[in-house]
Amino acid sequence: MKILIGKLGAETNDFATEICNMKRYAPLGICQGDRLIPTYRGTADYLGGMIQAGEEEGAEMFPSIGILCAVPTLEKECLEEAVEMLLSYIKPLKDELDGICLGMHGAGAARGIPDMEAYTLKRVREVVGPDMPIMSSLDLHGNISEEMVALSDGLFGVKNYPHIDEYDAGYLAMKTLIRTIRGEVKPQLAVRRLPLLVMPAIGCTFKSPMMDIRDHVAAYAKENGLIDATFFHGFSYTNVPYAGSSLVVVSEKDAQKHADTLAKWVWERRAALVPECLTCAEALDRAEAELAKPGDGYVVINETSDNPGGGTPGDGTHLLREFLKRNEPGMLFGSIVDPEFAFQAHAAGVGGTVSGLLGGKSDKLHGEPIEIKDAVVLALSNGEATYVSPMHRGLRMHLGKTARVRVGNVEIVVNEVKGIQGMDDRPYLVTGADINEYRIVGLKSSIHFRAWFDSHAKAIVTADPPGIHTSNITQLPFTDITRPAYPLDPDTKFEI
């Protein structure tokens, strides 16, 4: 049995002012060919699960490419280059392969190509034909289009946010593909899209309401003998007609009926899916209140509106500015992207000082640059580490040139490379900072950081200032999403 494996996807934020070229999409190049399996074997990634399942079943796996990240809207040429790279591995094998298993995202878009996944699958189908079984793992934030479903034999979504089960989604996709090739199952695939925009800040499946929805869908799938069922939260920042949540079912019969039943159940609980939005000042006040409660430990404040894992610039200054305004002992912020400032710190050396504008250089929405005078350089790093979080466990982190500087009582980690959200303590630790020695720790992420910090921090508080990843979606200039959509339109109706 011969199966090609690979990963190609993006979570694109169409509200970003930047357009993503190949250098932004893959700053270290795309992992491909013989490097793919050794790089991902044993990791928590989709490909880690696919490789494990393939090896268990004795499948001969042919590696292709591996790239999936959160970015601004892709240049059309960037997407085409990546797809051509994938096809270059498929074309020589098209008459030998029994199937294809891909790790995709579900919320990718390029200029002129609003559905990256459907585009990729269509290009693959042009090579291998309509009968080749193709199954894919998908991110929980996938915007699932009918065309994507029509071009697929199976779509297997992550169930948790943080996505601690990417491995499981890849494993199930590969296992089901192998069973299909052997004739053991004949899966049906169905989707029911909802007129519902679920913002990431409410999406954590470690607690209600999302934990309850996840558990209900899982119980329903087990009770009804489904191969898989996923409530996709969707990614509303991809400003396309099919942005939003959906139910996807893989089963041997009645797939559409089951998708419709689950969609109705979720819709009835829509009012609970609107998150709280705190200003930075409110978040700091709440953090102080949490610190005043009995018990030791630090409080994390996450800046959800400038989450690099959602395609934001990562150089927003709203929360950092409030940190500097408070200027209280034991405050640590990081990391904020600013290559120029990081380079200056490296030039100054440990013990030197740096002055200049920090952050706010991508756009004004995420905050104006902060004028810094005589910041003391405490530590320098190349920004290389291995993730220890259940999210991306075993994969390499590359922040580029990184520095920890002190301004008054506030310590700030500044790094070079864009697109990296806070996952665990590695961005601080690479500069020698032990976060247990601080009171308040600031970072840029929405939910993924919780996979590690939930069991390490005393408390977590979410700040939601202006930004292109805000939960206050009335601030966003939607143009192409399908309206009406709840909660933008409170009176939205949903009928099947």
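A. How the structure looks around the sheet that holds strand E2 (residues 31-32). Judged by pairing direction, the sheet is mixed, and its 6 strands sit side by side in the order E2-E3-E1-E4-E5-E6 without closing on themselves. The open sheet has two edge strands with one neighbour each: E2 and strand E6 (154-157). Strand direction decides the pairing type here: strand E1 (residues 2-13) and strand E4 (residues 99-103), joined by 5 bridges, are parallel. Bridged to Leu 4 within E4 is Ile 100. The sheet contacts of helix H4 (residues 76-90) involve E1, E2, strand E3 (60-72) and E4, and relative to E3 the element is tilted by about 175 degrees. Its contacts with the sheet place helix H7 (residues 166-181) against E1, E3, E4, strand E5 (134-138) and E6, and it is angled at close to 165 degrees to E5.

B. A look at the environment of Glu 371. Take Glu 371: it is sitting in strand E13 (residues 370-381). Among the residues examined, Glu 371 registers a relative accessible area of 57% and is labelled exposed. Aside from chain neighbours lying at most four places away, what touches Glu 371 is Gly 356 and Leu 357.

C. A look at the packing of aromatic side chains. What the rule picks out here adds up to 9 aromatic pairs. Note on Phe 15 and Phe 478: the rings are 5.3 Å apart at their centroids and 80 degrees apart in plane angle, and the pair reads as edge-to-face. Taken together, the residues Phe 15 in the loop between E1 and helix H1 (22-25) and Phe 478 in the segment after strand E19 (459-463) connect sequence positions 463 residues apart. Residue class for Phe 15 comes out buried when judged on its relative accessible area of 12%. On the accessibility criterion, Phe 478 (14% relative accessible area) is buried. Ring plane angle 55 degrees and centroid distance 5.6 Å describe the contact between Trp 267 and Phe 494, whose orientation is recorded as tilted. Residue Trp 267 is found in helix H9 (residues 255-267), and its partner Phe 494 is found in the segment after E19; the two are separated by 227 residues along the sequence. Pairwise contacts between aromatic rings join Tyr 298, Phe 449, Trp 452 and Phe 453 into one cluster.

D. Molecular detail of the pattern of salt bridges. Counted according to the given criterion, the structure contains 35 salt bridges. The closest approach of N and O atoms between Glu 18 and Arg 24, which form a salt bridge, is 3.3 Å. Here the residues in one salt-bridge network are Glu 56, Glu 57, Lys 175 and Arg 182, joined through shared partners.

E. The side chain of Gln 421, seen in detail. Its place among the elements puts Gln 421 in the loop between strand E17 (410-415) and helix H13 (426-429). For Gln 421, a relative accessible area of 8% puts it in the buried group. At a separation of 2.5 Å, a polar atom in the side chain of Gln 421 contacts the side chain of Ser 445. Discounting chain neighbours no more than four positions away, the residues touching Gln 421 are Asn 307, Pro 308, Gly 309, Lys 444, Ser 445, Ser 446 and His 448.

F. Main features of the nonpolar core. Ranked by internal contacts, the top residues of the largest apolar core, which has 86 residues, are Ile 5, Tyr 25, Leu 74, Ile 100 and Met 174. Counting residues per element, this core draws most heavily on H4, which supplies 8 residues. Those residues within four positions of Leu 74 in sequence are excluded, and the remaining contacts are Ala 10, Thr 12, Ile 19, Cys 20, Tyr 25, Leu 79, Ala 109, Ala 110, Arg 111 and Met 116. Formed by 34 residues, the second largest nonpolar core is a distinct cluster that contains Cys 280, Leu 319, Ile 336 and Val 407.

G. Looking closely at the sheet that holds strand E7 (residues 188-193). One open sheet accounts for 3 strands, arranged E7-E9-E8; its pairing is antiparallel. The sheet is open, and its two edges are formed by E7 and strand E8 (228-232), each paired on a single side. On average, each strand axis in the sheet is inclined to that of its neighbour by 10 degrees, with strand direction left out of account. Where E7 and strand E9 (residues 246-251) come together, 6 bridges link them in antiparallel fashion. The partner of Arg 193 across the bridge, within E9, is Ser 246. Across the face of the sheet, H9 comes into contact with E7, E8 and E9 while running at roughly 30 degrees to E7.

H. Looking closely at unusual backbone geometry. With omega at 15 degrees, the peptide bond leading from Tyr 161 into Pro 162 counts as cis. Relative to the assigned elements, Pro 162 resides in the loop between E6 and H7. Residue Pro 209 is bonded to the preceding Ser 208 through a cis peptide linkage, with omega at 5 degrees. In this structure, Pro 209 sits in the loop between E7 and helix H8 (210-223). Backbone geometry at Asp 374 places phi at a positive 55 degrees, although glycine is not the residue there. With respect to the helices, strands and loops of the structure, Asp 374 is situated in strand E13. For Asp 374, a relative accessible area of 52% gives the class exposed.

Thresholds, definitions, all that
- Residues numbered from 1 in each chain as written.
- Predicted model: local features only at pLDDT ≥ 70, side-chain atom pairs only at ≥ 80, totals over all residues.
- Heavy atoms only, no water.
- Pairing = 2+ DSSP bridges.
- Helix = DSSP H or I, 4+ residues; strand = E, 2+ residues; numbered from the N terminus.
- Contact = heavy atoms within 4.5 Å.
- Axes fitted to C-alpha atoms, helices over the stretch in contact; angles between N-to-C directions.
- Buried < 20%, exposed > 50% of the residue type's maximum accessible area, 1.4 Å probe, protein only.
- Phe/Tyr/Trp six-rings, centres within 6.5 Å; stacked < 30°, edge-to-face > 60°.
- Salt bridge = Lys/Arg side-chain N within 4 Å of Asp/Glu carboxyl O.
- Polar contact = N/O pair within 3.5 Å; in protein donor to acceptor, adjacent residues only side chain to side chain.
- Core = buried A, V, L, I, M, F, W, Y, C linked by side-chain atoms within 4.5 Å.

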